[in-house]
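Here is what each chain is made of, one letter per residue.
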Amino acid sequence: MQEQGTEQKGTPVGRRVVLGIMGLGAAGVLAGRWLSEGVSDVVASTAPGLAGVIPAAGGFRVYTVTGGYPGFDPATYRLNVTGLVQRDLSLTLDDLAALPQTQMTKDFQCVTGWRVQDVPWSGVLLRDLLAAASPEPDAIALRLTSFDGSYTESLTMEQAVRDDMLVATTMYGEPIELKHGAPVRLIAAPMYGYKSIKWLDGIELGRKVEPGYWENLGYDVDAWVGQSNGRSDEPVV
Ligand SMILES: Nc1nc2c(c(=O)[nH]1)N[C@H]1C(S)=C(S)[C@@H](COP(=O)(O)O)O[C@H]1N2
Ligand SMILES: [Mo]
């Protein structure tokens, strides 16, 4: 079972968070919408006999640390690439669509133990996006931001230029749904799901890795599936 210490630090995203919201009697459309998904999360997690990786039979569990899904206008959405680059980018959705498109089919695994196999994604390889901005030689870290206003993530430049790091705009051949991070999310395929930031709107290049949202709560910055302090061996969630 889950260790108390870890539970206090938070699990991305665990029962503690869901129950906390329920305890507050969260009101409102957005909170209600999230709560209903959170409830099935709890039901799934407390089913008897769970062990090891939980196959997410119903597909993805939807997570948001803000209690809702941020809205956006496709006409005014921009993905900004800034910091230690020779060219700042401020890309519209059309700009992104005009860049070389890459498809990949990968398992998606949350650190809490559920996994969805063989998810097809498409979009722009992160390294192609970075190349368009011409990083300065001393840019060794990326700070990624979400327009939910709360979630952040990080990668080293070395990780970012792998061929399985995708700035995704489609999932299962359709535009990514709002709950899954529309219009643009990262897919950090070799890492636990918490690296795959949703509602991505900013990539800032710098000299230092700044731990992201869950990393500030104790999870590994280098979140390789099976090789970090993830808890895929335990029926957490
Ligand atoms: N902005 C944002 N991105 C996020 C999260 C979040 O709460 N907010 N949760 C992360 C976690 S812990 C996981 S497992 C995946 C879940 O993706 P999904 O909600 O599309 O299933 O999103 C990741 N990206
Ligand atoms: Mo997660």
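Note that the coordinates shown come from a computational prediction; the quantities given were computed from them, not determined experimentally.

Details of the side chain of threonine 64
Then, in step 1: With respect to the helices, strands and loops of the structure, threonine 64 is situated in the loop between strand S1 (54-55) and strand S2 (79-83).
Then, in step 2: The exposure class of threonine 64 is buried, given its relative accessible area of 4%.
Then, in step 3: Here threonine 66 takes part through its side chain, which lies 3.0 Å from a polar atom of the side chain of threonine 64.
Then, in step 4: At 2.7 Å, the side chain of threonine 64 forms a polar contact with the backbone oxygen of glycine 68.

Quick word on the site of ligand 1
Then, in step 1: If you check the shell around ligand 1, you find 21 residues, and the closest are Arg61, Tyr63, His180, Arg185 and Lys198.
Then, in step 2: Between ligand 1 and lysine 198 there is a distance of 2.5 Å, counted from an oxygen atom to a side-chain nitrogen or oxygen.
Then, in step 3: For ligand 1, the accessible surface in isolation is 530 Å², of which the surrounding protein chains cover 100%.
Then, in step 4: The site holding ligand 1 turns out to be the largest cavity.
Then, in step 5: Split by residue class, the shell around ligand 1 holds twelve nonpolar, five polar and four charged.

What to know about the sheet that holds strand S6 (residues 141-146)
Then, in step 1: The strand order across the open sheet formed by five strands is S3-S2-S11-S6-S7, and the pairing between neighbours is mixed. Taken across any chain shown, the strands that pair with only one partner, and hence form the sheet edges, are strand S3 (89-91) and strand S7 (152-156). Recorded for the sheet is a direction-independent mean angle of 15 degrees between the axes of neighbouring strands.
Then, in step 2: Of the pairings in the sheet, the one linking S6 to strand S11 (residues 200-206) comprises six bridges and is antiparallel in character. The partner of leucine 144 across the bridge, within S11, is isoleucine 203.

Here's the deal with the environment of glutamine 109
Then, in step 1: In this structure, glutamine 109 sits in strand S4 (residues 102-109).
Then, in step 2: Under the relative-accessibility criterion, glutamine 109 is labelled buried at 5%.
Then, in step 3: Here the side chain of glutamine 109 touches arginine 115 through a polar contact of 2.8 Å, side chain to side chain.

Cut-offs and rules
Residues numbered from 1 in each chain as written. Chains lettered and ligands numbered in written order. Predicted model: local features only at pLDDT ≥ 70, side-chain atom pairs only at ≥ 80, totals over all residues. Heavy atoms only, no water. Helix = DSSP H or I, 4+ residues; strand = E, 2+ residues; numbered from the N terminus. Buried < 20%, exposed > 50% of the residue type's maximum accessible area, 1.4 Å probe, protein only. Polar contact = N/O pair within 3.5 Å; in protein donor to acceptor, adjacent residues only side chain to side chain. Near = heavy atom within 4 Å. Areas by Shrake-Rupley, 256 points an atom, 1.4 Å probe, with all protein chains shown as cover. 1 Å grid on protein atoms, 1.4 Å probe; cavity = no way out; pocket = protein on both sides within 12 Å on 5 of 7 lines; lining within 4 Å. Sits in = over half its atoms within 2 Å of the grid points. Nonpolar A, V, L, I, M, F, W, Y, C, P; charged D, E, K, R; others polar. Pairing = 2+ DSSP bridges. Axes fitted to C-alpha atoms, helices over the stretch in contact; angles between N-to-C directions.

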